Amino acid sequence: MTAKQTLTFWFADLGRSDGDKVGGKNASLGEMVSRLQESGVNVPSGFATSAAAYWLFIDHNGLREKLTEAMAGLKKDHSNLEEVGDSVRKMILKGKFPGPLEETLCECYRDLSARLERDDLDVAVRSSATAEDLPEASFAGQLETFLNIRGERALLDAIKRCFASLFTNRAIAYRENHGFDHMQVALSAGVQQMVRSDLSASGVMFSIDTETGFPDITLITGAWGLGETVVQGTVEPDEFHVFKPLLDRTGKRPVVEKMLGGKDRKMTYATGKSTTKLVATSKQERTTFVLDEDEVLQLARWSVAIEEHYGQPMDMEWAKDGETGELYIVQARPETVQSRKEAATLKSFHLMEAGKRLVTGLAIGDAIATGKVLRLESPEEIDRFEEGAVLVTAMTDPDWMPIMKRASAIVTDHGGRTSHAAIVSRELGLTALVGTGNAMQKLRDGQVVTVSCAEGDEGQVYEGELGFEERDLDLGDIPETRTRVMINLANPSSAYRWWRLPTDGVGLARMEFIIGNMIRIHPVALVRYNTLEDKQARHQIDELTVGYDDKSEYFVDKLARGMARIAAAHYPEPVIVRMSDFKTNEYARLIGGAAFEPKEENPMLGWRGASRYYDEGYCEGFALECRAVRRAREEIGMENIVMMIPFCRSPEEADKVLAVLAGEGLVRGLHGLAIYVMAELPANVFLAEAFAERFDGFSIGSNDLTQLVLGIDRDSDRLKTLFDEQSEAVKIAIAALLEKAQRSGTPVGFCGQAPSDHPAFASFLVAHGISSISVTPDSFLAVKQQIAEAEKQAR
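Presented here is a report on the structure given in the accompanying data block.

Conventions we followed
Sequence positions are assigned chain by chain, starting from 1 and proceeding in written order. Totals for whole chains, interfaces and linings use every residue, but because this is a predicted model, local features are given only for residues with pLDDT of at least 70 and side-chain atom pairs only at 80 or more, for both listing and counting. No hydrogens and no water enter the side-chain calculation; it runs on all heavy atoms of the structure. Working convention: axes come from line fits to C-alpha atoms, limited for helices to the stretch in contact. Angles between N-to-C directions cover 0 to 180 degrees. Here a helix means four or more residues in a row that DSSP labels H or I, a strand means two or more in a row labelled E, and each is numbered from the N terminus. In what follows, roughly perpendicular refers to angles from 65 to 115 degrees, roughly parallel to angles under 35, roughly antiparallel to angles over 145, and oblique to any angle outside these ranges. Here a residue-residue contact requires only that any non-hydrogen atoms of the pair lie within 4.5 Å. Buried residues are those whose accessible area, probed at 1.4 Å on protein chains only, stays under 20% of the maximum for their type, while exposed residues exceed 50% and partly exposed ones sit between those limits. Strands were regarded as paired on the criterion that DSSP finds at least two bridges between them. By construction, the arc corresponds to the directions joining the helix axis to the C-beta atoms. Nonpolar cores were defined as sets of buried Ala, Val, Leu, Ile, Met, Phe, Trp, Tyr and Cys residues, with membership established by side-chain atoms within 4.5 Å. Residues are grouped as follows: nonpolar covers Ala, Val, Leu, Ile, Met, Phe, Trp, Tyr, Cys and Pro; charged covers Asp, Glu, Lys and Arg; every other residue, Gly included, is treated as polar. In the sections that follow, a salt bridge refers to a side-chain nitrogen of Lys or Arg positioned within 4 Å of a carboxyl oxygen of Asp or Glu. We call Phe, Tyr and Trp rings a pair once their centres come within 6.5 Å, taking the six-membered ring for Trp, and we label the pair stacked below 30 degrees between planes, edge-to-face above 60, and tilted otherwise.

What follows is about the packing of helix α4 (residues 64-72) against helix α5 (residues 81-94). Contact geometry of α4 with α5 gives a least axis separation of 10 Å together with a crossing angle of 175°. The angle between the axes of α4 and α5 places the two elements in the roughly antiparallel class. Contacts between α4 and α5 involve Lys-66, Leu-67, Ala-70 and Met-71 from the first element and Val-84, Val-88 and Met-91 from the second.

What follows is the structure, given as C-alpha cells:
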C-alpha cells in the first residue's frame, strides 16, 4: 500500500465501516458518495486524511508522549482545563507536516481542483474523530469546521487546526465525562468541495421529529447563507415538516408545516484573515422561505433514502448552491436522542394553574420545569451559576455544556430546533425554549419562573412557580376493544406528541383552535381586506400575512396545514374535523371580526354552526374553510380527514350546507370523503333517520345536548350543579339516537370526558352500542381499560 493510499482516501473509496480510518463523519460521507449518489442523492466530492496521517503528524513532531503527559496533568475537577487545553493546542499548531504527508495533501487538493475544473478550489475542511457519531457517542459540535478554504497553504493550516480541535476544552471535557481515552482517538480532516450556499441557503434535516420521536416526519430547517448559523443557533431558521409515507404518492405534496423564521443575518464568504463573515439579511430575505416546496420535497425524499440505507433515523446537513441551484447533502450521522428512547412509557406534563406569560419561544421537549433565572453572557461566568437555576442566555455552543448540565431549564434568545441548545437539551433531558428573541431583556436575575414546553410547539415562560402534574402512561398492556377509542385534539403543534398511543384516530379536531390561535384573523376580513375600514386591524393583518400576496391564501394555507398535521399524526386512521363553530361574540374577537358580526343577546343559541355556512354574511369565509379541507385532503394527501358539520338544526338546513359543500368540490363519497353531523340538538335525535340519510355518521356533542335537553346555560355558574350529562333525560336522548342509528347502520361517536370520569357512563354507552368514544389524550388509557371492562360485562 502506498503512502498516498494510507494517508488520504477519496470519499468514493470509503464506506461506513471505515470509521476507524477516517472517523464516523467522513466514513458516512464516503458511504453516501459511493452508495447513495446512484439513488440521486447529491453529495459534494472530496477526500479525507486518515487516522494514520494524524498519528504520523503527531509522531513526526514528537508529541505523543507530550500529549499523554499533559492530559495526565488534568485535575479531576477540571479546574486547570483551560490551561491544559491551551498548552496541548499550541503544541499541535507549532508542529510541521512531514514531507510525504504535505506532498500527498497538496496533490489531492490539486487533483480535486482539476476534477472540478477550478483553480484554487474553495473547500470546507471538517473534523471527524475516530470515535465520533457512534450511536452511543454524539459529540454535538465538539470539533471544528473551517469554510471557504482556498489554496494549498490555507488548506494545510486548516487541517492542522482540525488536528488541534481534537483538544478544545469542550472536546477534552466531553471525552473525560464519557470515558474516552484521549490517546485512543484520532482526527481525520475531511476536505470537501464547498457548496456555494453563501449565495443561497443551507440548514439541517432530521428523518424523525426531534421533539417527540414521531418517525413519519422529516424535519427541515434552513436559513440564508452558510449553514453554521443554523447549527450554532445564531438565527431563527425557517422550518418545514414533511409526512414521509405520502412522498411516493403521485400528485401529493405532503408538506404539513411551513414556518417562516426571522433569519435576520447570514454567513457569507469574506476576504482577508477571516474566511467568513456575518451580514444582515434584506427585508425580502427575511420574508421569503429559503426553499420552495419542490425543494422541500426533494430533500425529504433524500432523507428517506438515507434513512433506509442506514437503517436508522438520521441527522443531516443540506446546502443549496447559489451558482447552480443544486441541492446537496453535506453531512449525515445517526440521530442519537429520540431513536434511543424507550417506547413502553409516555410521560405527560400538565400545568395545574394559569400564570402571567413573560416570554415565548420554540418548545424543546414536552416537559415543565421551575427555578430562579440566571442570565449569563458567556460560559466564563460559570462561577455565578447556581445548581438548578434556569439558564437564560443569547445562544449556546459546546463551551456551555458544564453549565447546561447544572440547569433545571434553558432559555435562549436565538436558535431553532436544530441549534446547539436544542440538540444538547434533548440529550440531557432538559426543558428548553429557544429563539425567544427577548428573554435576556425580559427576564431578570433571581426571578422565579416556570418554563413550560407542555403546550405544543410554542413554549412559555410564566411568572412564579406554578403547580404542574407529571404522569407516566404505561403503554405495555393495553386491551383490545370492539368500541373504537379515539382522542380529541385541537392544537396541531401538539399532535405528534401522542403518536405512540394506539388510538383509533381523532374523534374531534376543533377547527376553531387553528383559526383562533394560529390564524387569528376573521376570514371575511381577509376576503374583504380592500374595503376593511379598521386601520388597526389592517395593520395587524399586514404583519401576520407577510409573505402572502393573497390575504385569503394565508387563511387557507395555515388552516390546511394545521389540519394536515393532526391527520398525519394518526394516518391512516380517521381524523374528524369539525368545521368552525365559534359563536358571534367569539368571531367578533378575531382580528377584523367586529365589522362582520352582529351583537346577539344569546350567542349560544344564535348565528352559529351550519346556519352560517350558506348565509351571505359568512359564506365567503366558509368557502375558505372548504378550500383548506380540499387542500389538506387532495393536495397534501390526508384523505383520512372526515368533515363534520356542527349545530345543524334541520334536514332542510343540512341540504343547504351539503349543496354549498358540493359547490366547493366537497361531495360525499368523492375521493372517499365522509361527512358527519354533530348530534347536539334534540332535533338531531328526533329526526335522526332524516339526518342519517344525509350524513355518514353522528358525533354526540354532550355539552350542547345536555344544555338543550335540560334547558341549562352551560356557562352559568349559578346553574352548574344542575348541569349533568348523566341525567336520565340526556341518557334517554342518547339511547334513542343510538337505536335509530343502528337501524340505519350509521356510526355514532361520543366526544366528552364523562366516560373517563364515570365508568358507569362508559358502560351505558357500550351497552347501547356506541361505535366510538373520543377523550383527551391523557385519559385514553384509563378509558380504554374501562371500555374493555364494560364490553366484558355486556357479553
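The rest of the description comes next.
What follows is about the pairing of strand β13 (residues 327-334). Of all 8 residues in β13, 8 are buried; the element is thus mostly enclosed. Of the strand pairs in this sheet, strand β12 (residues 314-320) and β13 are connected by 7 bridges, and their pairing is antiparallel. If you follow Ala-319 over to β13, its bridge partner there is Tyr-328.

For α4, every residue scored as buried is listed here: Leu-67, Ala-70 and Met-71. Along α4, the residues classed as buried sweep out an arc of 95° about the axis, all on the same side. Facing away from the buried surface of α4 by more than 90 degrees, the exposed residues are Glu-65, Glu-69 and Ala-72. In this structure, the buried residues of α4 make contact with α3 (51-60), α5 and α8 (169-178).

As a further point, take the nonpolar core. Ranked by size, the top nonpolar core spans 104 residues in total, and within it Met-563, Met-638, Ile-645, Leu-661, Phe-698 and Ile-734 carry the most contacts. Those residues in contact with Phe-698 that sit more than four places away from it in its chain are Tyr-676, Val-677, Ala-679, Ala-688, Phe-691, Ala-692, Leu-737, Ala-741, Thr-746, Pro-747, Val-748 and Gly-749. Counting residues in hydrophobic clusters, the runner-up holds 51 residues, among them Trp-55, Phe-57, Ile-172 and Val-191.

Between helix α2 (residues 19-36) and helix α11 (residues 293-310), whose axes approach to 12 Å, the crossing angle comes to 105°. For the element pair α2 / α11, the angle class is roughly perpendicular. Taken together, the residues of α11 that come into contact with α2 (itself represented by Ser-28, Glu-31, Met-32, Arg-35 and Leu-36) are Ala-305, Ile-306, His-309 and Tyr-310. A per-class count over the contact of α2 with α11 returns 5 nonpolar, 2 polar and 2 charged.

Turning next to the side chain of Lys-583. Inspection of the secondary structure puts Lys-583 in the loop between β25 (575-578) and α19 (584-588). With near-sequence residues (within four places) excluded, Lys-583 lies in contact with Pro-603, Met-604, Arg-608 and Arg-714.

Now for the pattern of salt bridges. If you walk through the whole model with that rule in mind, you get 54 salt bridges. Between Glu-553 and Arg-627 there is a salt bridge, and its shortest N-O distance comes to 3.8 Å. Taken together, the residues Glu-553 in helix α18 (residues 551-570) and Arg-627 in helix α21 (residues 619-635) connect sequence positions 74 residues apart. For Arg-627, a relative accessible area of 33% gives the class partly exposed. Here the salt bridges share partners, and the residues they tie into one network are Arg-253, Glu-293, Asp-294, Glu-553, Asp-557, Arg-561, Arg-627, Arg-631 and Glu-635.

Glancing now at the sheet that holds strand β8 (residues 238-243). Taken in spatial order, the 6 strands line up as β9-β8-β7-β6-β12-β13 in an open sheet, and their pairing is antiparallel. Each end of this open sheet is capped by a strand with a single partner; those strands are β9 (255-259) and β13. Within this sheet the neighbouring strands show an average axis-to-axis angle of 15°, counted without direction. Of the pairings in the sheet, the one linking strand β6 (residues 201-206) to β12 comprises 6 bridges and is antiparallel in character. Each residue of the ladder has a partner; that of Val-204, found in β12, is Glu-317. Along the sheet, α11 makes contact with β6, β7 (217-224), β8, β9, β12 and β13, crossing β13 at roughly 35°.

Structurally, Gly-711 is set in the loop between α25 (702-710) and α26 (728-744). A C-alpha to C-alpha distance of 40 Å links Gly-711 and Gly-459, two positions 252 residues apart in sequence.

Our next topic: the side chain of Thr-268. In this structure, Thr-268 sits in strand β10 (residues 265-269). With near-sequence residues (within four places) excluded, Thr-268 lies in contact with Asp-198, Leu-226, Thr-275, Thr-276, Lys-277 and Val-279.

Taken as a whole and assessed by the stated rule, the structure comprises 17 aromatic pairs. Seen from their ring centres, Trp-10 and Phe-47 are 5.6 Å apart, and the 70° between their planes marks the pair as edge-to-face. Remark: Phe-47 occurs in strand β2 (residues 46-49) and Trp-10 occurs in strand β1 (residues 8-10); sequence separation between them is 37 residues. The pair Trp-10 / Phe-47 is uniform in exposure class, with both members buried. Pairing Tyr-613 with Phe-622 gives two aromatic rings, centres 4.0 Å apart and planes at 5°, and the pair type is stacked. The buried category is assigned to Phe-622, whose relative accessible area is 0%.

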